[in-house]
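Here is what each chain is made of, one letter per residue.
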Amino acid sequence: MDTAADQQEGVGFPLRKPIGVGPLLACVVLVSSSINERDQMLFISADEGSSFQRQPVSFTPDMLLFHPKEEDKLLAYCKEGRLYVSTDLGRKWILLQERVTKDKIFWSVSGVDVDPDLVHMEMQDSSGGYLYVTCLIQNCSDKMVTAQFLGKIDHNSLLVQDDYIFVKVTSGNRTKHYVSHRRTEFVQMRFPKYALPKDLHIVSTDESQVFVALQEWYQTDTYNLYQSDLQGVYYSVVLEDVRSTKQPEESVLVDVLEVRGIKGVFLANQKIDGKVRTLITYNKGRDWEHLAPPIKDMNGRAVTCKAPDCHLHLHLRWADNPYVSGTVHTKDSAPGLIMGAGNLGSKLVENKEEMYVTADCGKTWRQVFEEEHHILYLDHGGVIVAIKDTSIPLKILKFSIDEGQTWSVHNFTSTSVFVDGLLSEPGDETLVMTVFGHISYRSDWELVKVDFRQSFSRQCTEEDYDPWTLTDLQGDKCIMGQERSFRRRRESAFCIKGKSYTSALTSKPCGCTERDFNCDYGFERSQALKADGSRCFADFWHDPDAPPDTCHLGQSYESSTGYRKMISNVCEGGVNKQQSAKQHACPLLPPRGLQVGIKGQMLAVAPGDDITFIVHQEQGDTSSTRYQVDLGDGVRTIYQNLTVTDEPIQHRYEAPGVYRVAVKAENTAGHARATMYIQVIAPLQEVHLEVGPIAGRNQQVNLTATVLPVEANLTVFYWWIGDSLQPQLSLESSILTWFPEAGEVSVTVQASNGRSMVQDSRSVRVYDIFQVIPLSFSPNLDGLNPNIPEWREDIGQVVTKLLTKITGIPEESLVTMVKPGLPTTANLYIVPLESKPVTKSVFVDKRIPAIIQAFSDHNVSFVVRGGVKVLVMLADPNAGLGLVASESPDTTTENGYHGAAGGPGVWALAVVLLISLLASGSFILYKFKSPWLRTEDAYPPLFFRKLPGSRNVYAQMHNEKEQEMTSPVNHSEDTQHIIQGEEFIDDDLDAQTLGNHSGVVLSVNSRELHSYLTS
């Protein structure tokens, strides 16, 4: 045996990873990055890795895909979604397409696709959806790609394999799977009616039949295996409850494995009552059996594992690393040879991975290792190479030349390496392999070539082989309708099988038996009826005599007996379970299950959109049926044979609205109707949330949403208040709500009309108590009011900043909200300062008189466009000021301030006003020695009258128009106590402005006022 490392210690490269091995020539392609990420290199070998050619590339290849027949042609995918093509083995690259989905790129299939240069791919269109398209590598521009499926498909759903192409389409919560057989029109895959698939995996497409693993609606960690007809359309269950495991990135692995080398053989792990057991089938799922345990262990001792309580169970996992084998290894050129990791017992044990081997396709097994190994077959299985699966560095490998009965050890390198993968040179006959890894985690990669050709002195001849016959575990030689014999190299023959070796020896057909037939679509075997275990029963939803969908008047069809011969089964004569099938003439059936929909499944479109209507009919003759179509906007038309014609129903709605689309299908046997409603609406542009920035706790608040465009209809509003994850829904653009807790609350509105969704958010500060002063503006502002939220916010901020500048009141305690509409008005909110305790008495708040004084002096003004001066005023200078308190119902007068009706603030203000007038009058009378009573002519602005022996005080004020207002106030003892007490007057106020009426400002020292009141 020759090892390259023995002479040159391997070949070292700063490699990132090997990303491609050619299928035909002795060619290995690897990718490397140089000093920076922009300069990438391909290393190309055409001599079994002995030498490499460096080729710079302008992109970072993430995956290489060789042409299956022409090795010079290959595709390269990079992470940005770009796809490149080379026709000279990677030396020159051309950008093929962009927005391509990784792992959803396929070369043409020989014998099925006409042009060998055709590429199948899944790509993203400009709207973000995904399409299945094809193109030729010579020209794959956007104009030259051809969409092969009508409509968009689900992301990561395209699969091109052998004769079949698969895609899936999800609409709402229902997913439909489609298949194309030999590039014919796509047809929906038919599973049992109430399977309701949640997920689907293609297991095999060999021999013109599809094997799928389907997760049904009731399953969580298991799948059911189904088998198809020739076209891959109709499916019947063959095994239930196959285990599945979730992998990183939400990928799912189903424990089913097709044994390569002998068609029709599968391994599966079935999970029942929490126990996982391995089963094998030799006839594509018709019958399943447990694996027989070996008689002896690897040391030659008899094992205690006996059926039916103990069997051999195997792990059926794929390796995460594509350059090492999975837990079970088989090969097409080595029929009957299976190596796998597992255990003996009543069930599969996860952390137990002993290695077992069989050379007769699972009939007898031998244990070879106690731990899991990576496996590589060379020379058609004539040499089996095993390297231990471990995280520690290795320098030895094991190999066997007698199908695993004996093993030898070989040092493939003088320095231990961390093994990252095994590669065999192209060709099943090769005896050359490469081990690649690294000496340390920081070192360059090491490639070690191991050549087993020197271990054999000659080529094998016919005398070096013995025949063996394939049988199942019961010893039956007739499998899939034939007896097959193969040849294997004798244990004593040390020779090379070589390129000319063929494993198959003879085959002859058998007579047909019941085991050559499986259940037809709509039928299944009853597990409960053991006596009729081989009999197929019709499911309750299936009528075996019903004509198929493609049956037309004048044609005939054959009803199912419940059985169908397994595809690729070649039995002859004997039992024919399909012989009793009845022939029926296709009747004229009335249309049933009529449906009308839109291509793309969108029921809401924009004005002017091109719409393609699709009419589907589940049952009934279509060739003689007339279809009347009413599109709802006055357009009516009649079609013949609509559901099978290539002419689609295309239309365009220009005006927004809701349109009723009606279809009536009618023939002489009956009729059916279908109706749908389509919303033609323009996408929403934006939404603005209108809400007062300040609110009282437990006080009603109006939330209003303004949607653009204003003519938008059929809009649904979602209102998100606070941290609640449950929105309030409404069809109206406003709602009433309240906030139960004080603090800052976030309010969000989302507006949706089926075509789009927009949102806006606001923050509302909620207080137990605050004050509101209604404001107005000079009329010249109305002509400049565009009535949009941004303008109102800007005006409010201007007013707030002006008040802060004039009065010195902190800006954070003032909020001005300009109201929508005309005339332009606003509310000024005065909120408590965070540094001071909240009280319900307005007289401890020193800010109110200063604010009123600023407005009364006409000091609050600003200039808008064109130099126009706008004056901000009190909405009603004569209105009383009050509080908004959470304990009292909120009231609003038409021209007054918001406040608690009849609350302490209103009366307190009135009292202090009267006291001020009384004190001033007393001072004047005392100063000028005047009598208590004066005539109105002598003192027209104001007068006081005090009746001896009475506590009733009257204050009268006259404005410039000589209008009178009289306010009687009756002071009880409690009121007098409040007036005279420290709660009423702040002694720290030396000269507090109390009010402003008709331009007269009244000021008084608090101690002087107290002396007047107590005199």
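Just so it is clear, the model here is predicted, and its values are computed rather than measured.

Before going further, it helps to spend a moment on the overall build of the chain. Along the backbone of the chain there are six helices and 79 strands. Buried residues in the chain amount to 47% of all 1015 residues. Excluding contacts between residues fewer than 6 apart, the proportion of contacts in the chain whose partners are at least 24 apart in sequence is 52%. For the chain, the accessible area works out to roughly 51300 Å², and carbon and sulfur atoms hold 50% of it.

So, on to the packing of aromatic side chains. Aromatic ring pairs are described here by two measures, namely the spacing of the ring centres and the angle between the planes. Summed over the entire model, instances satisfying the criterion amount to 20 aromatic pairs. Measuring from centroid to centroid gives 5.2 Å for F149 and F186, while their planes differ by 85 degrees, and the two rings are edge-to-face. In this pair, F149 is assigned in the loop between strand 14 (146–147) and strand 15 (159–161) and F186 in the loop between strand 17 (174–181) and strand 18 (187–188), connecting sequence segments 37 residues apart. Classification of F149 as buried rests on a relative accessible area of 11%. Relative to F540, the ring of Y194 has its centre 5.6 Å away and its plane inclined at 5 degrees; by these criteria the two rings are stacked. Here the residue Y194 occupies a position in the loop between strand 18 and strand 19 (199–204), and F540 occupies one in the loop between strand 46 (536–538) and strand 47 (556–558), the gap between them amounting to 346 residues. For Y194, a relative accessible area of 44% puts it in the partly exposed group. A relative accessible area of 72% places F540 in the exposed class. Sitting over the ring of Y501, K497 keeps its end group 4.9 Å from the ring centre.

Nonpolar side chains in soluble globular proteins generally cluster together in the buried interior. Counting 28 residues, the largest nonpolar core has Y132, F149, L158, F166, V167, F191 and Y235 as the members making the most contacts within it. Looking at this core, the elements that each hand over two or more residues are strand 13 (130–136), strand 15, strand 16 (164–171), strand 17 and strand 20 (211–215). Sequence-distant contacts of L158, that is, excluding residues within four places in its chain, are made with K104, F106, M121, E122, Y132, I153, I165, F166 and V167. Listed in part, the 26 residues of the second largest apolar core include W791, I851, V860 and F862.

Here we take up a nonpolar patch on the surface. Judged by side-chain polarity, L196, W217 and Y218 come together as a nonpolar surface patch covering roughly 320 Å² of accessible area. Y218 sits in the partly exposed class, given a relative accessible area of 41%.

We now examine the sheet that holds strand 64 (residues 734–737). The strands that make up a sheet are held in pairs by hydrogen bonds between backbone atoms, and each pair lies either parallel or antiparallel. As summarised here, the arrangement of the three strands in space is 59-61-64, forming an open sheet in which the pairing is antiparallel. The open sheet has two edge strands with one neighbour each: strand 59 (686–690) and strand 64. The average undirected angle you get between the axes of adjacent strands in this sheet is 20 degrees. As paired strands, strand 59 and strand 61 (residues 701–708) are joined by five bridges and run antiparallel to one another.

Spatially, three strands are ordered 40-41-42 in an open sheet, and the strand pairing comes out antiparallel. With one partner strand each, in any of the chains shown, strand 40 (465–469) and strand 42 (504–509) form the two edges of the open sheet. Each adjacent strand pair in this sheet contributes to an overall mean axis angle of 20 degrees, direction not counted. Of the strand pairs in this sheet, strand 41 (residues 482–489) and strand 42 are connected by five bridges, and their pairing is antiparallel. Looking at strand 42, one finds that Q482 is bridged to P509.

So, about helix 3 (residues 847–856). Burial of helix 3 is extensive: eight of the ten residues sit out of reach of the surface. If you check which residues of helix 3 are buried, you get R847, I848, P849, I851, I852, Q853, A854 and F855. In the segment just after helix 3, H858 is the residue with positive phi, at about 55 degrees.

The next point concerns the packing of helix 2 (residues 789–807) against helix 3. Each pair of packed helices gets described by two things: the angle between the helix axes and the distance between those axes. Closest axis-to-axis distance for the helix 2/helix 3 pair is 10 Å, and the angle between their directions is 105 degrees. On the basis of their axis angle, the class for helix 2 and helix 3 is roughly perpendicular. Contacts from L803, I806 and T807 of helix 2 reach helix 3 at A850, I851, A854 and F855. Class assignment of the residues belonging to the contact of helix 2 with helix 3 gives a composition of six nonpolar, one polar and no charged.

Moving on to the environment of L291. With respect to the helices and strands, the residue L291 is situated in the loop between strand 27 (289–290) and strand 28 (311–314). Measuring from C-alpha to C-alpha, the distance between L291 and L314 comes to 9.1 Å, with 23 residues separating the pair along the chain. Residues within four places of L291 in sequence aside, it is in contact with L267, T278, I280, H311, L312, L314, W365 and L473.

This paragraph deals with the state of the cysteines. If you walk through the whole model with that rule in mind, you get seven disulfides. Across the disulfide from C551 sits C586; the S-S distance is 1.5 Å. Disulfide C551-C586: torsion about the S-S bond near -105 degrees, hence left-handed. Placement of the pair is C551 in the loop between strand 46 and strand 47 and C586 in the loop between strand 50 (583–585) and strand 51 (592–598), with a sequence separation of 35 residues. We classify C551 as buried; its relative accessible area is 8%.

Before going further, it helps to examine the pairing of strand 22 (residues 235–246). Taken together, the six bridges between strand 21 (residues 222–228) and strand 22 define a ladder with antiparallel strand orientation. Its bridge partner lying in strand 22, L225 is registered against L239. Hairpin connection, strand 21 to strand 22: the antiparallel pair is bridged by six residues, and G232 has positive phi, about 75 degrees. In this structure, strand 22 lies alongside strand 23 (residues 252–254), joined through three bridges in antiparallel fashion.

Before going further, it helps to examine the pattern of salt bridges. In the structure shown here, the tally under the stated rule is 36 salt bridges. The shortest N-O distance in the salt bridge between D464 and R458 comes to 2.9 Å. With its nearest N and O atoms 3.4 Å apart, the salt bridge here joins D630 to R636. Using a relative accessible area of 22% as the deciding quantity, one classes D630 as partly exposed.

What follows deals with the pairing of strand 26 (residues 275–281). Taking burial as the measure, the seven residues of strand 26 include five buried ones, the bulk of the element. Two strands pair when backbone bridges link them, and strand 25 (residues 266–272) and strand 26 are joined in this way by seven bridges, in the antiparallel orientation. Residue pairing for strand 26: N269 is matched across the bridge by T278. As judged from the two bridges shared by strand 26 and strand 27, these two strands associate in the antiparallel manner. Across the sheet, residue L279 finds its bridge partner in strand 27, namely H290.

What follows deals with the environment of M817. Tracing the backbone through its elements, the reader meets M817 in strand 68 (residues 814–818). Leave out the neighbours within four places in its chain, and M817 touches V691, G692, P693, T825, A826, N827 and Y829.

For the rest of this paragraph, the subject is unusual backbone geometry. Residue P308 follows A307 across a cis peptide bond; omega there is 5 degrees. Tracing the chain through its elements places P308 in the loop between strand 27 and strand 28. The linkage connecting L822 with the following residue, P823, adopts the cis geometry, with an omega of -5 degrees. Mapped onto the secondary structure, P823 falls in the loop between strand 68 and strand 69 (825–830).

For the chain, the average pLDDT comes to 81, and 80% of its residues sit at 70 or higher. Ranking the helices and strands of the chain by mean pLDDT puts strand 15 first, with 97, and strand 79 (residues 1000–1001) last, with 28. Counted against residues more than four places away or in other chains, residues 887–908, with its pLDDT under 50, gives 45 contacts. pLDDT under 50 marks residues 924–1015. Its contacts with residues more than four places away, or in other chains, come to 100 contacts.

What counts as what
Chains are numbered independently. Their residues run from 1 in the order of the written sequence. Given that the model is predicted, a residue must reach a pLDDT of at least 70 before its local features are reported, and side-chain atom pairs must reach 80 or more before they are shown or counted; all residues, however, enter totals for whole chains, interfaces and linings. Calculation of side-chain values draws on the structure's entire complement of heavy atoms; hydrogens and water are dropped beforehand. Helix and strand definitions follow DSSP, with helices as H or I runs of at least four residues and strands as E runs of at least two, each counted in order from the N terminus. Residue exposure (1.4 Å probe, protein chains only): buried if accessible area is under 20% of the type maximum, exposed if over 50%, otherwise partly exposed. The criterion used for residue contact is that any of the two residues' heavy atoms lie within 4.5 Å. Here, Shrake-Rupley sampling with a 1.4 Å probe gives the accessible areas, and only protein chains in the shown set may cover a residue. When two rings of Phe, Tyr or Trp (its six-membered ring) have centres within 6.5 Å they constitute a pair, described as stacked for plane angles under 30 degrees, edge-to-face for angles over 60, and tilted for the intermediate range. Should the NZ of a Lys or the CZ of an Arg lie within 6 Å of a ring centre and within 35 degrees of the ring normal, that charge is described as sitting over the ring. As used here, the term nonpolar core means buried Ala, Val, Leu, Ile, Met, Phe, Trp, Tyr and Cys residues forming a set that is joined through side-chain atoms within 4.5 Å. Patches here are clusters of residues that have more than 30% relative accessible area and form no salt bridge, with a 9 Å joining cutoff for like charges and a 5 Å cutoff for nonpolar side chains (Val, Leu, Ile, Met, Phe, Trp, Tyr). The term salt bridge refers to a pairing of a side-chain nitrogen on Lys or Arg with a carboxyl oxygen on Asp or Glu at a separation within 4 Å. For two strands to be treated as a pair, DSSP must find at least two bridges joining them. Here the axes come from fitting lines to C-alpha atoms, over the contacting stretch only for helices, and the angles between their N-to-C directions go from 0 to 180 degrees. Any angle from 65 to 115 degrees is called roughly perpendicular, while one under 35 is roughly parallel, one over 145 is roughly antiparallel, and all others are oblique. Three classes are used: nonpolar for Ala, Val, Leu, Ile, Met, Phe, Trp, Tyr, Cys and Pro, charged for Asp, Glu, Lys and Arg, and polar for all others, with Gly counted as polar. The term disulfide is used for any two cysteine sulfur atoms that are within 2.5 Å. As a per-residue measure, pLDDT tells how confident the predictor is, with possible values from 0 to 100.

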